[in-house]
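Report on the structure
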Amino acid sequence: MQFENSLSFAQQLDKQDSLAKFRNEFHLLQKDGKPAVYLCGNSLGLQPKNVRAAIDQELKDWADLGVEGHFDGKNPWMYYHHFLTEKAAKIVGAKPSEVVIMNNLTANLHLMMVSFYRPTKTRYKIMMEVSAFPSDQYAMETQARFHGFNPEDAIIELKPREGEYTLRTEDIIATINANKEELAIVMMGGVNYYTGQAFDMKTITKAAHAVGAIVGFDCAHAAGNLQLQLHDWDVDFAVWCTYKYLNSGPGGTSGVFVHERHGNNPDLVRFAGWWGHDEKERFQMKKGFKPMEGAAGWQLSNAQIFPMAIHKASLELFDEAGIENLRAKSEKLTGYLEFILNEVNGGLSGVEGKHFTIITPKTPAERGCQLSIIVKENGKKLFDYLNENGIMPDWREPDVIRMSPVPMYNSFEDVYRIGEALKQYFNH
């Protein structure tokens, strides 16, 4: 559509927005007594208002029932993960049996690597994007060492071409094919945390499978942001956190996807725990692990009831809004942000910009809601100025400001205000 850089235009878009009501379902932040523009949903989502009642219910059952809350509570703790799987599966494009909510992200990533990184002397290499989120880098380094390999040799890092910031899909495919005899696993982010680039997971998965490699994705920046189809894309496994776009609290619980062809294979090697054992026999307390079918068979310990209660409350909002509707709004909202940024940047984009470079891809299919910019001079000073003036992006070393207008609670007027603050900074 044809955008305009005016308050009236932004307000008109908000009036036409069928999802605008969800903004009122969140606790919005204030800065010096005035509404702030929160752009850090890619780091920590805002708190849904229905969270307090969700936690209070579990506190009440604990107070009133003690251990019997596992069976007699309003939401019996024994089966708590079941209350989350169907709605979570919709968000990542999976069958409910392929999804389980448990643990934290990096713990789940290591559990998946136990099952899916089974290197041999000749096929042992791990492929990932350069500058992946540090926890993924550390996990892959230590997995390589655990199996007796030198990470410098075992890990293939995908790097952008000279002078570019993001990866080309054809280069990813070429690297897969060039290493087809040695490649054991492709383990990438669904969306790169730094650049905001969304990878073509379907094409990457198909190419890796063609050379006999396993494929997994860290969807921390993709779940609740993109419209994923993990089952149809034939991804082997995926993990994600719930505290970013899924608004489920700091340090919140994590999600796991295991494709049904693996989840229904009880002989697949894994680290086992009590809660992954067949729940019909769990309290017989016998030795001999018998995994539940599907992703639930990777559970270790009792459900994290309070983090899961927060996630359950947030999932209810996602289920009502619909991930396909949120994605449609996100494309328009981020498109408007790109338009506003280019207006401030001298009407130009990319390396020709007057004040900064947008390093996130221009094509909506290649990004989520995040736009990352590199300021030509003293980006940290601009970041501090924006925060002081009620605009809250986030800063990532060494030089990137990330802005993520989230469709669940950000407005088009928020985006207009970003432009006004930037104009004041560059023109003062």
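Above this note sits the structure.
This one's a predicted model, so the numbers in the text were calculated from it and none came from an experiment.

The rules behind each value
- Residues numbered from 1 in each chain as written.
- Predicted model: local features only at pLDDT ≥ 70, side-chain atom pairs only at ≥ 80, totals over all residues.
- Heavy atoms only, no water.
- Helix = DSSP H or I, 4+ residues; strand = E, 2+ residues; numbered from the N terminus.
- Buried < 20%, exposed > 50% of the residue type's maximum accessible area, 1.4 Å probe, protein only.
- Polar contact = N/O pair within 3.5 Å; in protein donor to acceptor, adjacent residues only side chain to side chain.
- Contact = heavy atoms within 4.5 Å.
- Pairing = 2+ DSSP bridges.
- Axes fitted to C-alpha atoms, helices over the stretch in contact; angles between N-to-C directions.
- Salt bridge = Lys/Arg side-chain N within 4 Å of Asp/Glu carboxyl O.

1. Considerations on the side chain of N247
- Within the secondary structure layout, N247 lies in the loop between β9 (237–241) and β10 (254–258).
- Classification of N247 as buried rests on a relative accessible area of 1%.
- Within the structure, N247 has its side chain in polar contact with the backbone oxygen of Y245 (distance 3.3 Å).
- Excluding its chain neighbours within four sequence positions, the residues that come into contact with N247 are F26, G45, L46, P48, T242, I310, S314, F318 and Y409.

2. Remarks on the sheet that holds strand β8 (residues 214–218)
- A sheet is described by the order of its strands in space; here seven strands give the open sequence β4-β10-β9-β8-β7-β5-β6, paired in mixed fashion. Strands with a single pairing partner mark the edges of an open sheet, and in this sheet they are β4 (99–102) and β6 (155–158). Neighbour-to-neighbour, the strand axes of the sheet open up by a mean angle of 20 degrees, direction not taken into account.
- Bridge count between β8 and β9: three bridges; the pairing is parallel. Each bridged residue has a counterpart across the sheet, and for D218 the counterpart in β9 is V239.
- Where helix α6 (residues 134–146) meets the sheet, its contacts fall on β5 (125–129), β6, β7 (183–189) and β8, and the angle it forms with β5 comes to roughly 170 degrees.

3. What to know about the side chain of N192
- Here N192 shows up in the loop between β7 and α9 (201–210).
- Exposure remark for N192: the relative accessible area of 5% places this residue in the buried category.
- Within the structure, N192 has its side chain in polar contact with the backbone oxygen of S131 (distance 3.4 Å).
- Filtering out sequence-adjacent residues up to four positions away, N192 remains in contact with E129, V130, S131, A132, Q197, F199 and Q370.

4. Focus on the pattern of salt bridges
- Using the criterion set out here, one finds 24 salt bridges in the structure.
- D414 is the salt-bridge partner of R23, the closest N and O atoms lying 3.0 Å from each other. Separated by 391 residues along the polypeptide, R23 in the loop between α1 (7–16) and β1 (30–31) and D414 in helix α14 (residues 412–427) bring together distant segments of the chain.
- Taking the relative accessible area as the measure of exposure, R23 reaches 22% and is therefore partly exposed.
- Salt-bridge contacts for R168 lead to E170; the nearest nitrogen and oxygen are separated by 4.0 Å.
- According to the relative accessible area criterion, R168 is partly exposed, its value standing at 32%.
- Taking the relative accessible area as the measure of exposure, E170 reaches 47% and is therefore partly exposed.
- Through salt bridges that share partners, D278, K280, E281 and K290 make up one connected network.

5. Topic: the pairing of strand β12 (residues 371–375)
- In terms of residue burial, β12 counts as a mostly covered element, since five of its five residues are buried.
- Burial along β12 is two-sided: the residues L371, I373 and V375 and S372 and I374 are all buried.
- Note that strand β11 (residues 356–358) and β12 share three bridges and pair antiparallel. Considered in β12, the bridge of I358 is made with I373.
- As judged from the four bridges shared by β12 and strand β15 (residues 400–403), these two strands associate in the antiparallel manner. Bridge pairing in β15 links I373 to I401.

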